[in-house]
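Results of the structural survey
Here is what each chain is made of, one letter per residue.
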Amino acid sequence: MDVARLAGVSIAAVSRTFTPGSSVSPKMAERVRKAARQLSYVPNNLASSLITQRTNIVALMLPNFVNQIYSALLSEASLRLEEIDKQLLLFTPFNDSDLDRTLQRMLEYQVDAIVIAAASISSHMAALCHGRDVPVVMLGRHMPNLPVHSVRGNAEDGGTKAAKLLLSGGGKRFGIISGDQTYMTMVERQQAILQCLRVTNDIENVAIVDGKLTYEGGYQAALEIMRGEDRPDSLFCLTDIMALGAMDAIRHNLNLRIPEDVAVIGFDDIPEAAHESYNLTTVRTPVRQMIHHMMDLISLETPQDPPQTILIDAELIIRSSTRSAHNNP
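Note on numbering: residues in each chain are counted from 1, in written sequence order. For this predicted model, a pLDDT threshold of at least 70 governs which residues receive local features, and a threshold of 80 or more governs which side-chain atom pairs are given and counted, while totals over whole chains, interfaces and linings are taken from all residues. Based on all heavy atoms of the structure, the side-chain values leave hydrogens and waters out of the count.

Side note on the overall build of the protein
Think of it this way: any DSSP run of H or I at least four residues long counts as a helix, any run of E at least two long counts as a strand, and we number them from the N terminus. Scanning the protein for helices and strands turns up 12 helices and 12 strands. It is over C-alpha atoms that the radius of gyration is taken, and the globule rule equals 2.2 Å times the number of residues to the power 0.38. Computed over C-alpha atoms, the radius of gyration of the protein comes to 25 Å, more than 25% over the 20 Å expected from 2.2 N^0.38 for 329 residues, which places it beyond the range of a compact globule. Seen through its C-alpha atoms, the protein measures out along the principal axes to roughly 85 × 40 × 30 Å. For the protein, buried positions account for 49% of its 329 residues. Contacts in the protein between residues at least 24 apart in sequence constitute 70% of all its contacts with a sequence separation of at least 6. Note on areas: these come from Shrake-Rupley sampling with a 1.4 Å probe, and a residue is covered only by the protein chains present in the view. By element, 50% of the accessible surface of the protein is carried by carbon and sulfur atoms, the whole surface being about 16600 Å². In this charge count, Lys and Arg are treated as positive and Asp and Glu as negative; neither His nor the chain ends contribute. Each charge is placed at NZ for Lys, CZ for Arg, CG for Asp and CD for Glu. Averaging the positions of the 30 positive and the 37 negative side-chain charges in the protein gives two centres separated by 7 Å. With a 1.4 Å probe rolled over the protein chains alone, any residue whose accessible area is under 20% of its type maximum counts as buried; one over 50% counts as exposed, and the rest are partly exposed. Should any heavy atoms of two residues lie within 4.5 Å, those residues are considered in contact.

Considering the sheet that holds strand β5 (residues 149-153)
Being paired, for any two strands, means DSSP has found at least two bridges between them. Spatially, β2-β1-β3-β4-β5-β11 is the arrangement adopted by the 6 strands of the open sheet, whose pairing is parallel. Lying at the two open borders of the sheet, with one neighbouring strand each, are β2 (87-91) and β11 (309-312). Put simply, the sheet's adjacent strands are angled 20° from each other on average, direction ignored. Of the pairings in the sheet, the one linking strand β1 (residues 57-61) to β2 comprises 5 bridges and is parallel in character. The residue bridging Ala59 from the neighbouring strand is Leu89, located in β2. The axes are straight lines fitted to the C-alpha atoms, using for helices just the contacting stretch, and the angles between their N-to-C directions are given from 0 to 180°.

In structure tokens form, the structure reads like this:
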């Protein structure tokens, strides 16, 4: 009202001036902005949301930043949401027992949508979000029988492609540096690898060690696997960050060559994987495609529509940490 009075325009004209995409003449907009500057006026989006019932805030839940793939998801989501004048509100629950409380806090901020990466949601909270017309999108995880959307890379396809690549490079003895088995992505990758090894080459004896989803865990897991009987000549690491630790252990602690003595493949395609010192072959997590589909799902005009499940094919990124078929020793 004060800005409208000083600018000599209607309150509606002030509202249109500060609403992206609204129709207002350049001359009137300049008068309004000049008056706003004189009064040190800043639009209050929270107040506006009481009328529009939209805050233009999207909540994103990430488990941690140990794995750089979550940093990539955060960066891409922030960029895409900013393009449509939406703000990102980040939540990082302390542990799995804190998930429902974190989701409750998200709803208290009256967010327009909730995006959850690598975590789960209870049926109670899913129903609560659904009842408030707040769409929920799971990234990297599928929650069947719950009213939530799901967007993820095809972990089974990725595991199969990784196994076939190491087999084609002459792999005979295999090891897996695994991760938290409460993450369905870890389970699906590992199961696909083992299934392909059994079906293709009738391989049953595969050394499996938990790499704790960290660089340090991958380093120690590689030492354990590579110092065991029947040392593997091919190593699957279910995340790139574990693969980087494993490669450093193999080269600098065990003095073995990659890929001549042991081929190494990771999953995710984090930026460090392409660094010259690693040049890691990996199965890419389709971050941009996942965020693209997420944007479509949170923008649905009718949030009560049946939940959608989007599965993205795996993409193999071949670098020098694995042996090619024509270099099969």
